[in-house]
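# A closer look at the structure
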Amino acid sequence: MEIKVLGCGDHPLFEGMLDVFAAAFDDAEAYSGARPSEDYVARLLASDAFVALVAILDGKVIGGLAAYELIKFEQQCSEFYIYDLGVLESHRRRGVASSLIGSLSAIAAMRGASVAFVQADHDDDPAIALYSKFGPPREVLHFDIPVVSA
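## Focus on a nonpolar patch on the surface
- Side chains of Tyr68, Leu70, Tyr83, Val115 and Phe117 sit close together on the surface and give an oily, nonpolar patch of about 430 Å² of accessible area.
- Going through the elements one at a time, β3 (60-71) and β5 (113-118) are the ones with two or more residues in the nonpolar patch.
- With respect to the helices and strands, Leu70 occurs in strand β3.

Below, the structure is given as structure tokens:
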């Protein structure tokens, strides 16, 4: 298995990552309903604020991780937020997700980040078991604030 950091020319691998997320989260509409253009993906992958990693086995994307680097304002460091992490069901429990997190951790360390963090739903036992290997959970409240024009 190879872990690859996606760059500007990796649109096909990005598409493969979206396919993995659609299957892993059973949400084809969210990940396939309105896919971004190749130009949009190229700009996204060129951004320092976004990191996309894929796990590749036998030429096929079997896992993916999408994260954002959040630059801190109160001190000179950053934090990485794991937005999505998914592995095809047929490849779970084989260290794929742990390898993706480890690769992101190395990138975060090189960039001087203080922490990487992720959210998990209270009833998502597999995610909680995975993330607990990397650190203890913190109880927080999450609020979705609608965006309205002024």
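## A closer look at the sheet that holds strand β2 (residues 50-57)
- Across the sheet, which stays open at both edges, the five strands sit in the order β1-β2-β3-β4-β5 with mixed pairing between neighbours. Each edge of the open sheet is held by one strand with a lone partner, namely β1 (2-5) and β5. Neighbouring strand axes in the sheet, compared pairwise and without regard to direction, differ in orientation by 25 degrees on average.
- By the bridge criterion, nine bridges tie β3 to strand β4 (residues 78-87) in an arrangement that is antiparallel.

## Thoughts on helix α1 (residues 11-24)
- Its 14 residues give α1 an end-to-end C-alpha distance of 20 Å, which sits within 8% of 20 Å, the value for a rise of 1.5 Å per residue.
- Those residues of α1 that are buried are in contact with β1, α2 (28-32), α3 (38-46), β2, β3 and β4.
- Just downstream of α1 lies Asp26, where phi reads positive at about 50 degrees.

## Some details on the pattern of salt bridges
- Counted under the stated rule, the structure contains six salt bridges.
- In this structure, Asp19 engages Arg35 in a salt bridge whose closest nitrogen and oxygen atoms are separated by 2.6 Å. Of the two residues, Asp19 sits in helix α1 while Arg35 sits in the loop between α2 and α3, which places them 16 residues apart along the sequence.
- Where Arg111 meets Glu69, a salt bridge forms, and the shortest distance between an N and an O atom there is 2.7 Å. Placement of the pair is Arg111 in the loop between α4 (96-110) and β5 and Glu69 in strand β3, with a sequence separation of 42 residues.
- Overlapping salt bridges, with partners in common, bring together Glu15, Asp19 and Arg35 in one network.

About the thresholds
- Residues numbered from 1 in each chain as written.
- Predicted model: local features only at pLDDT ≥ 70, side-chain atom pairs only at ≥ 80, totals over all residues.
- Heavy atoms only, no water.
- Patch = residues over 30% accessible without salt bridge, like charges linked within 9 Å, V, L, I, M, F, W, Y side chains within 5 Å.
- Areas by Shrake-Rupley, 256 points an atom, 1.4 Å probe, with all protein chains shown as cover.
- Salt bridge = Lys/Arg side-chain N within 4 Å of Asp/Glu carboxyl O.
- Helix = DSSP H or I, 4+ residues; strand = E, 2+ residues; numbered from the N terminus.
- Pairing = 2+ DSSP bridges.
- Axes fitted to C-alpha atoms, helices over the stretch in contact; angles between N-to-C directions.
- Expected span 1.5 Å × (residues − 1).
- Contact = heavy atoms within 4.5 Å.

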